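Observations on the model geometry
What follows is the residue order along each chain.
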Amino acid sequence: MENNCRSILVECTKLLITRKESDLQWLIGSPFFPPLTIISTFRCLHSNSSGPDFNKESEEIRTLLLKGFDVIGALVVGKFNPEKTASRAIEAARKLKKVLFGRTNLENEGMIGAVADPDTGEIRFFLSEIEGSTSIEFVDSVLYDDNPEKFVWENGCLLRCQLPIKLPFCFPINKPADVEKIFSCAIEAVIAKFRDPNVVYMVEASSKASLDVIQPVILRAAELDFDSAPPIIGKAVHNSDQKGLRCGHFCLKSKSTPELFSAENADVIQVSVLLNRSETSSKCSAPAVEYFPAMEETRLLIVDFKLEVLCYAVQSIPLRHAISKLLIPGLIDQLNSMKMMTLPNLLTQHPQLHPYHFSPPGIVHPITVIYELNYGETEMKQVDARRSLHLRLGLPFDRPLLRIANALDLSTKDCLSDNLARKGSSLLKDVHIGIPSSGGGIVSLVQGSYEYYHYLQDGFDDSGWGCAYRSLQTIISWFRLQHYSSIDVPSHREIQQSLVDIGDKDPSFIGSREWIGAIELSFVLDKLLGVSCKVINVRSGSELPEKCRELVLHFENQGTPIMIGGGVLAYTLLGVDYNEATGDCAFLILDPHYTGTDDHKKIINGGWCGWKKSMDSKGKSFFLHDKFYNLLLPQRPNMV
């Protein structure tokens, strides 16, 4: 049956993340958005010939998916009988949702079933309105939004709660089998405390972006509504009564620039959990200690947990509902997840567990991952865990996107701060942003962030000989900022020392003012970062446009800055503007020969970062015809 009255809205940049026949993807939405709105998709990793392993899938997705998002359907890759395939997908999604949220029925909750052709990638959508019905409807109206970030974050916000828990408990030494049961009872006692009438939740705005001083608000657990369904979508109401306060009370009132529509710049509401033991006391009293003697020899165990829960809500939802329906269930789920990870080693070395939140490219909402810090990030157990996450989320396997250094920084922030200066550094970052294209063709640019290194920085005079060193420093800063390496950007002397260490230069080279070129840069990148490079040679600057197609592929596939060396000059290439029909090509050059202050406007207006054509309208050549050029193309390490 065909449904022409309903539309499916797709708010993710990449819906199909696998082309493998019979693969299954879960479709993610939110109760805060209109029905049939797809926000993201997770790949099903645990399945066999009989279907998905719903217990394993729910365990992992429960950790990964923020409260405020939901499973609203499934997509299957296949070519035969789309309607039957979609029915199987809908049935699987309903089963997962029941296990995930502990529900027995999903009556009157619409569920999407989608079928993707593995060859063409074409996706057909079907809808099941009622659980148990064998009838599904084909939906031919599918809308793809060009700006999903704005859709999610214009009226959205995050609730964040950090809660360290030190959990002591005793068990009989002669009954070690009882330890798991006793530990589980201790966890249940902690969970019960979240609803204890003496518990209070202190709510604060954690952004300094607004000039208004927003006072913290105290909500008592006794005032929270744990039973009724929250009003999901509604107009923001400004109410001075604490019970009626909306999440929007703690959010920035207007977001003026598109850059603010992202998880990194989202309004964050900080919630602290406090226990008020003295509220009902009619008079002052000293703390009391109760002594319970053990009837047999016991052992004391102390387990440390560091909970950090993130939830998504729209600003119009009442604050008390956001805490009772999102934050507290999030705390309970995370504590239970950590309990299950701790149980296997309860009597030995406890795992050091820590939650981290990430906003990977292509996914408009954050995800949460619990890492075991007993293992280093390069140890195989951690590498395998990240590979599994990359597979589930459809992320590439040649770049680190889920390392600890990639985690969202949700500390108190100022959204109006200068975005060009890196935190903790006075160097300019990403100076090419905002420069219009040269207008010639399709633009391919460096992927990710870098710092601008140029002559005379750090009080070091390298004018006339250090341009290649500065280009190398910019390239290494790119690898640092993309978290491929944590080494400091090397000084000129350290670069020279590296070349001496590998036997390329004599010891007298250290401290000299000798030039280096593309080959030396490749040696240093290999030694310091383990990065391999591709080198392109051209006999004349006039031949550089012939390499534009190759450069386009580099920026699309590798995305690293390129060093161009010719004669005695070196530049950093950040992108190309290539017109395939005419063969015209412009080069986005970052010039290390700049000697002024780190003034972004001065750098752009002076042409120190900008588009250069092989020959401009006056017939002047930027790249000299009587000089050969080497282009150094660093390759991304194949790592996660």
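Whatever comes next refers back to the structure up there.
As a starting point, this report considers the structure included with it.

Rules used in this analysis
Residues numbered from 1 in each chain as written. Predicted model: local features only at pLDDT ≥ 70, side-chain atom pairs only at ≥ 80, totals over all residues. Heavy atoms only, no water. Helix = DSSP H or I, 4+ residues; strand = E, 2+ residues; numbered from the N terminus. Buried < 20%, exposed > 50% of the residue type's maximum accessible area, 1.4 Å probe, protein only. Contact = heavy atoms within 4.5 Å. Lys, Arg positive; Asp, Glu negative; His and termini not counted. Charge placed at Lys NZ, Arg CZ, Asp CG, Glu CD. Pairing = 2+ DSSP bridges. Axes fitted to C-alpha atoms, helices over the stretch in contact; angles between N-to-C directions. Phe/Tyr/Trp six-rings, centres within 6.5 Å; stacked < 30°, edge-to-face > 60°. Lys NZ or Arg CZ within 6 Å of the ring centre and 35° of its normal. Disulfide = S-S within 2.5 Å. Core = buried A, V, L, I, M, F, W, Y, C linked by side-chain atoms within 4.5 Å. Parallel < 35°, antiparallel > 145°, perpendicular 65-115°, else oblique. Nonpolar A, V, L, I, M, F, W, Y, C, P; charged D, E, K, R; others polar. Polar contact = N/O pair within 3.5 Å; in protein donor to acceptor, adjacent residues only side chain to side chain. Arc of directions from axis to C-beta.

A look at the overall build of the chain
Looking only at helices and strands, the chain features 11 helices and 24 strands. Each principal axis of the C-alpha atoms in the chain carries an extent, and together these give about 85 × 70 × 55 Å. Per-residue burial for the chain yields a buried fraction of 49% across its 640 residues. Counted over contacts in the chain with a minimum sequence separation of 6, partners at least 24 positions apart contribute 70%. Looking at the chain, you have 66 positive and 77 negative side-chain charges, and the mean spots of the two groups are 2 Å apart.

Topic: the sheet that holds strand β15 (residues 298-314)
Strand order across the open sheet formed by 5 strands is β13-β12-β14-β11-β15, with mixed pairing between neighbours. Where the open sheet ends on each side, the last strands, each with one partner, are β13 (217-220) and β15. When strand polarity is set aside, the average angle formed by the axes of neighbouring strands in this sheet is 25 degrees. The pairing of strand β12 (residues 199-205) with β13 spans 4 bridges and is antiparallel. Paired with V203 across the bridge in β13 is V217. Running at roughly 140 degrees to strand β11 (residues 156-172), helix α4 (residues 179-193) makes contact with β11, β12 and β15 of the sheet. Of the strands in this sheet, β11, β12, β13, β14 (268-275) and β15 touch helix α5 (residues 319-342), which is tilted by about 140 degrees from β15.

Digging into the pairing of strand β7 (residues 70-77)
By the criterion of burial, β7 is predominantly enclosed, with 8 of the 8 residues buried. The pairing of strand β2 (residues 24-29) with β7 spans 6 bridges and is classified as antiparallel. Counted as the bridge partner of L24 is V76 from β7. The pairing of β7 with strand β8 (residues 111-116) spans 5 bridges and is classified as parallel. When the bridges of β8 are listed, V77 appears paired with A116.

Examining the packing of aromatic side chains
Describing an aromatic ring pair means giving the distance of the ring centres and the angle of the ring planes. Scanning the model with the defined rule gives 22 aromatic pairs in all. Residues F169 and F183 carry aromatic rings whose centres are separated by 5.4 Å and whose planes lie at 35 degrees to one another, so their mutual orientation is tilted. A residue pair is termed long-range when its members are at least 10 positions apart, and F169 in strand β11 and F183 in helix α4 qualify at 14 residues. Chaining the aromatic ring pairs together yields one cluster made of F32, F33, F69, F151, W153 and Y312. Cation over ring: R124 sits above F138, and NZ or CZ is 4.9 Å from the ring centre. Positioned above the aromatic ring of F509, the side-chain terminus of K505 is 5.3 Å from the ring centre.

Some remarks on the state of the cysteines
Counted by the stated rule, this structure contains 1 disulfide. One disulfide in the model links C548 with C585; its S-S distance is 1.8 Å. Linking C548 and C585, the disulfide has an S-S dihedral of approximately -85 degrees and is accordingly described as left-handed. Pair noted here: C548 is in helix α10 (residues 548-557) and C585 is in strand β22 (residues 585-590), with a separation of 37 residues, a long-range link. In terms of burial, C548 and C585 fall into one category: buried. The thiol of C157 is unpaired, and the distance to the nearest cysteine sulfur, on C251, comes to 4.1 Å. With no disulfide of its own, C311 has C161 as its nearest cysteine by sulfur position, at a separation of 8.7 Å.

A word on the nonpolar core
Core analysis: the biggest nonpolar cluster contains 107 residues, and W26, L159, F183, Y201, C247, I269 and F305 have the highest contact counts within it. Apart from residues lying up to four places away in sequence, Y201 is in contact with F194, V217, I218, L219, A221, L224, V271, S272, V273, I323 and I328. With 62 residues, the next largest nonpolar core counts Y453, I495, C585 and L588 among its residues.

As for the packing of helix α1 (residues 54-64) against helix α6 (residues 380-393)
One can describe the packing of α1 onto α6 by two numbers: an axis separation of 13 Å at closest approach and a directional angle of 90 degrees. For the element pair α1 / α6, the angle class is roughly perpendicular. Of the residues in α6, those touching α1 at E57, E60, I61 and L64 are L389, R392 and L393. For the contact of α1 with α6, the per-class residue count stands at 4 nonpolar, no polar and 3 charged.

A look at the packing of helix α8 (residues 492-501) against helix α9 (residues 518-529)
Across the interface, α8 lies against α9 with an axial gap of 10 Å and an inter-helix angle of 85 degrees. By the angle between their directions, the pair α8 and α9 is classed as roughly perpendicular. From α8, I495, S498, L499 and D501 reach across to α9, where they touch E520, F523, V524, K527 and L528. Residues belonging to the contact of α8 with α9 are distributed by class as follows: 5 nonpolar, 1 polar and 3 charged.

Side note on the side chain of R399
Among the structural elements, R399 can be located in the loop between α6 and β18 (442-445). A polar contact is formed between the side chain of R399 and the side chain of Q447, at a distance of 3.1 Å. Apart from the residues within four sequence positions on either side, R399 is in contact with H390, Q447, Y484, N557, R636, M639 and V640.

Details of the environment of A93
Among the secondary structure elements, A93 is positioned in helix α2 (residues 82-101). Setting aside residues up to four positions removed in sequence, A93 forms contacts with W26, V71, G73, A74 and M111.

Thoughts on α10
What α10 keeps buried is the set C548, L551, V552, H554 and F555. Viewed along the axis of α10, the buried residues span an arc of 160 degrees, placing them on a single side of the element. After α10 finishes, the residue G559 shows a positive phi value of roughly 75 degrees.

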